[in-house]
Amino acid sequence: NVAKRGAKSVAFAPLFPIRRYIREKKIPNDGRAVWCGFWEVGEEGSAANDWRGGGDAYGTEISSFDVIDRMVAMLCDRKLFPAVRRIVIAGFSAGGQIAARYAAVGKCPARNGIAVEYAVIAPAFYLKLDEDEPWHYGLKGIPRYAAGMGNKEVLANLSARRVWFGCGTKDDERTNGKNRLSARQGISRYDRHLK
């Protein structure tokens, strides 16, 4: 339908429903994939089912990154979208985290002739190429989706992909001290962005 209207750009925003929201809103179990939210993960993080880092939905092997792969593949389908030339995977805050980590480990099945770019805006913290830091902050406990990837593979992806990082200069609210791992990266989002 979008292609028929001749739209110049279209935004797709996947929704990764989280268990806490489903419970609070008393949404019946209808078989949808459900992930955990960042407050359910804890400070050390768990790659297993956190949507921000490519974790699997509960009880499945459906990663949030598998969902993005499917979206990219759909957008690259010439029958559906013959005029697509550029895809930008963008996110702000938690969305910035998913965009950054997908840039690092995502399979991104784009066909030739389509540029894929990544816009990472104001993530709460950054992925470092450190195999001793837990996933979200480093590469320890990388999710099933990216199993077997280490510094070399992640660095190769990031070197080959166009990734933009941005953060507002006034995004300087101090880290509340509860999360020591993000605090080690800097005292505020903007401080972490500059490092």
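Residues numbered from 1 in each chain as written. Predicted model: local features only at pLDDT ≥ 70, side-chain atom pairs only at ≥ 80, totals over all residues. Heavy atoms only, no water.

Caption draft 1: Here's a closer look at the sheet that holds strand β2 (residues 115-121). Reading across the sheet, the three strands line up as β1-β2-β3 and stay open at both edges, with parallel pairing between neighbours. Two strands close off the open sheet at either side, each with one partner strand: β1 (86-92) and β3 (162-166). Each adjacent strand pair in this sheet contributes to an overall mean axis angle of 15°, direction not counted. Here five bridges tie β2 to β3, and the two strands are oriented parallel to one another. The residue bridging Ile 121 from the neighbouring strand is Gly 166, located in β3. (Pairing = 2+ DSSP bridges. Helix = DSSP H or I, 4+ residues; strand = E, 2+ residues; numbered from the N terminus. Axes fitted to C-alpha atoms, helices over the stretch in contact; angles between N-to-C directions.)

Caption draft 2: Region of interest: unusual backbone geometry. Of note, Ser 93 is a non-glycine position whose phi angle comes to about 60°, a positive value. Structurally, the position occupied by Ser 93 is in the loop between β1 and α5 (94-105). Exposure remark for Ser 93: the relative accessible area of 17% places this residue in the buried category. One non-glycine residue, Cys 108, lies in positive phi territory at about 45°. Looking at the element boundaries, Cys 108 is found in the loop between α5 and β2. A residue is classified by how much of its surface remains accessible, and Cys 108, at 12% relative accessible area, is buried. (Buried < 20%, exposed > 50% of the residue type's maximum accessible area, 1.4 Å probe, protein only.)

Caption draft 3: Structural detail: the packing of aromatic side chains. Per the stated rule, a full pass over the model turns up eight aromatic pairs. When the centroid spacing of 5.4 Å and the interplanar angle of 80° are considered together, the rings of Phe 65 and Tyr 145 count as edge-to-face. Remark: Tyr 145 occurs in the loop between β2 and α6 (151-160) and Phe 65 occurs in helix α4 (residues 64-75); sequence separation between them is 80 residues. One exposure class covers both Phe 65 and Tyr 145, and it is buried. Between Tyr 126 and Phe 165 the ring centres are 5.9 Å apart and the planes differ by 50°, which places this aromatic pair in the tilted class. Of this pair, Tyr 126 sits in the loop between β2 and α6 while Phe 165 sits in strand β3, and the two are 39 residues apart along the sequence. An aromatic cluster of at least three residues, connected via ring pairs, comprises Phe 65, Tyr 102, Tyr 118 and Tyr 145. Sitting above the plane of the Tyr 145 ring, Lys 107 keeps its charged end 3.5 Å from the centroid. (Phe/Tyr/Trp six-rings, centres within 6.5 Å; stacked < 30°, edge-to-face > 60°. Lys NZ or Arg CZ within 6 Å of the ring centre and 35° of its normal.)

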